[in-house]
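Coordinates in review
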Amino acid sequence: MRFAMTLLGAALLASPAAGQTGGTAIPTTTISQTISLGTATPGGGFPLYGNAFAEVMNAADPQMSIAPRNTRGSNENIPLLEKGELDLALVAGEPAYEAFAGIGRAPVRLKILTAIYSNPGLFVVRANSPYRTIRDLVGQPVAFGARGSGLPILARYVLDGLGLKQDEDFKAVYLDRAGDGPAMVEDGRVAALWGAGIGWPGFAAVASSAAGARFIAPSAEEITRIRARHAFLKPLTVPAGSYPKQTEPIASLGSWSFILTREDLPDDVAYRLARTLHGVEATFCRKLTQACETNASNTVAAAPKVELIHPGVMQYFREIGVVK
C-alpha cells in the first residue's frame, strides 16, 4: 500500500531529513505510514536481503518505517509497483532488463533506487553426483527456482545461449517456495538446483547438508557463447569461501538485482532513502554478506542507463561525487 505523506513547512527544512544541494533545500516529506517493500517467497535471497535492508534502514532513520512483504517475486513485484500497490520492490536483473526494454510488454516507467548485489548463475548438485557439466544435466529433473522469481528467467537466457531449451531439454521443476529446493536436491527428487548470487540461501543449505555440494557453472567457452547471444549478461565470479567447503572461486555470468521504486515516488523520499542507505553501507555489510555489494558506485555501473536511476537518488549521487 502506498504510504501516506504530509508536506512540512519551511520551518522543518533545516531538519536532518532535509537534503541540501548547492544551498537549495529539497522539500521534506514526513512518512506517516510504512513504505512497502516487495520481496519474494520465503527461503530465497530476496526475503533475506529485504528483511535485513528494512532492519538497518529503520534503525538508521526511526522516522521512516520500511515494511517487507513476501510476494511471488520479480514477476509479481513489477506490476505491483506499476499499480502503486508497492512503494519499493526487489527485482532480479533479467526481469528488470526485459521490463525496461519492453520485451514482451510495454516498457515500464519504474526507477532504480539501488543495485543490491550481483547474481552469478550456477547449478548445485550433491557432492557425490555424477553430473559435472551443464550438458550432463540434459534430460534430468532440475529445479529452476520459484514461480514468478527472476531465477528461471536468468536460466532461460543462459541455456538459450548454449542452444538449450529449459522446458524441453530438462525436466523443469518450478517451486512454490524457494526454500523447498535444497531438500529436493538432498533426497534426489531433482538432480540439480539452479540459483544465483553470493550467500544465496538455497546454495548455502545444500552446501551445509551432510551430503555436501558441488557447483556447476558454464565453462569459459560456454560463457563466450552465451555472451555472444545475450551481451547484457556480464562475467561474474563467486569468490572462494562464499559457501561451506567452496575452496576455489567460480567463474560464471549473470546480472545485478535492484530495488526498484514506483514511478511517482517523490524525489525527496528517494533522496532520503539513498542518503540513509549509503550512510550505513558498512553496517549493512556487517549484517549481510550480500549487502557488501550495495553501494552507490555499483548502482551507477549496474544501471542499464543512468537515466533509469530515480532523480532523487541522482541528486544525492551528485552531492557525493559519484556522478557529475
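Here is what the cut-offs are and how they apply
- Residues numbered from 1 in each chain as written.
- Predicted model: local features only at pLDDT ≥ 70, side-chain atom pairs only at ≥ 80, totals over all residues.
- Heavy atoms only, no water.
- Helix = DSSP H or I, 4+ residues; strand = E, 2+ residues; numbered from the N terminus.
- Buried < 20%, exposed > 50% of the residue type's maximum accessible area, 1.4 Å probe, protein only.
- Contact = heavy atoms within 4.5 Å.
- Disulfide = S-S within 2.5 Å.
- Phe/Tyr/Trp six-rings, centres within 6.5 Å; stacked < 30°, edge-to-face > 60°.
- Salt bridge = Lys/Arg side-chain N within 4 Å of Asp/Glu carboxyl O.
- Axes fitted to C-alpha atoms, helices over the stretch in contact; angles between N-to-C directions.
- Parallel < 35°, antiparallel > 145°, perpendicular 65-115°, else oblique.
- Nonpolar A, V, L, I, M, F, W, Y, C, P; charged D, E, K, R; others polar.

It is worth spelling out the overall build of the chain at this point. Scanning the chain from N- to C-terminus turns up 11 helices and 14 strands. Counting across all 324 residues of the chain, residues that qualify as buried make up 54%. Expressed as a percentage of contacts within the chain between residues at least 6 apart in sequence, the contacts between residues at least 24 apart total 74%.

Turning our eyes to something else, we now look at the state of the cysteines. The tally for this structure, following the rule as stated, stands at one disulfide. Between C285 and C292 runs a disulfide, and the two sulfur atoms are separated by 1.9 Å. Taking the sign of the S-S torsion, about 80° here, the bridge from C285 to C292 comes out right-handed. Assessed through its relative accessible area of 28%, C285 is described here as partly exposed.

The next point concerns helix α11 (residues 311-320). Here α11 has its buried residues at G312, V313, M314, Y316 and F317. Looking at the buried residues of α11, the elements they touch are β8 (111-126), α8 (267-279) and α10 (296-302). G321 occupies a position one or two residues after α11 and carries a positive phi of about 85°.

This next bit is on the packing of aromatic side chains. Working definition: an aromatic ring pair is given by the centre-to-centre distance plus the angle between the planes. Taken as a whole and judged by the stated rule, the model has 17 aromatic pairs. Note on Y49 and F53: the rings are 6.4 Å apart at their centroids and 15° apart in plane angle, and the pair reads as stacked. Taken together, the residues span about one helical turn, with Y49 and F53 both in helix α1 (residues 45-60) at a distance of four residues. The exposure class of Y49 is buried, given its relative accessible area of 1%. Judged by its relative accessible area of 1%, F53 is buried. Note on F203 and F215: the rings are 5.2 Å apart at their centroids and 75° apart in plane angle, and the pair reads as edge-to-face.

For the rest of this paragraph, the subject is the pattern of salt bridges. Applying the stated criterion to the full structure yields 13 salt bridges. Between R72 and E76 there is a salt bridge, with its nearest N and O atoms 3.7 Å apart. Note that E221 is salt-bridged to R225, the shortest N-O span being 3.9 Å. You can see E221 and its partner R225 sitting in helix α7 (residues 220-229), four residues apart, about one turn around the helix.

Let's shift gears to the packing of helix α4 (residues 151-161) against α7. Contact geometry of α4 with α7 gives a least axis separation of 7 Å together with a crossing angle of 105°. Between α4 and α7, the crossing angle belongs to the class labelled roughly perpendicular. Contacts from Y157, V158, D160 and G161 in α4 reach R225, I226 and R229 in α7. Of the residues in the contact of α4 with α7, the class split is three nonpolar, one polar and three charged.

Packed helix pairs are specified by the crossing angle of their axes together with the interaxial distance, meaning the distance between the axes. It is at 7 Å that the axes of helix α3 (residues 93-101) and α4 come closest, and there the two elements cross at 80°. Taken together, the axis directions place α3 and α4 in an arrangement best described as roughly perpendicular. Contact residues: E94, P95, Y97 and E98 in α3; I153, L154, R156 and Y157 in α4. Its residues assigned to classes, the contact of α3 with α4 comprises five nonpolar, no polar and three charged.

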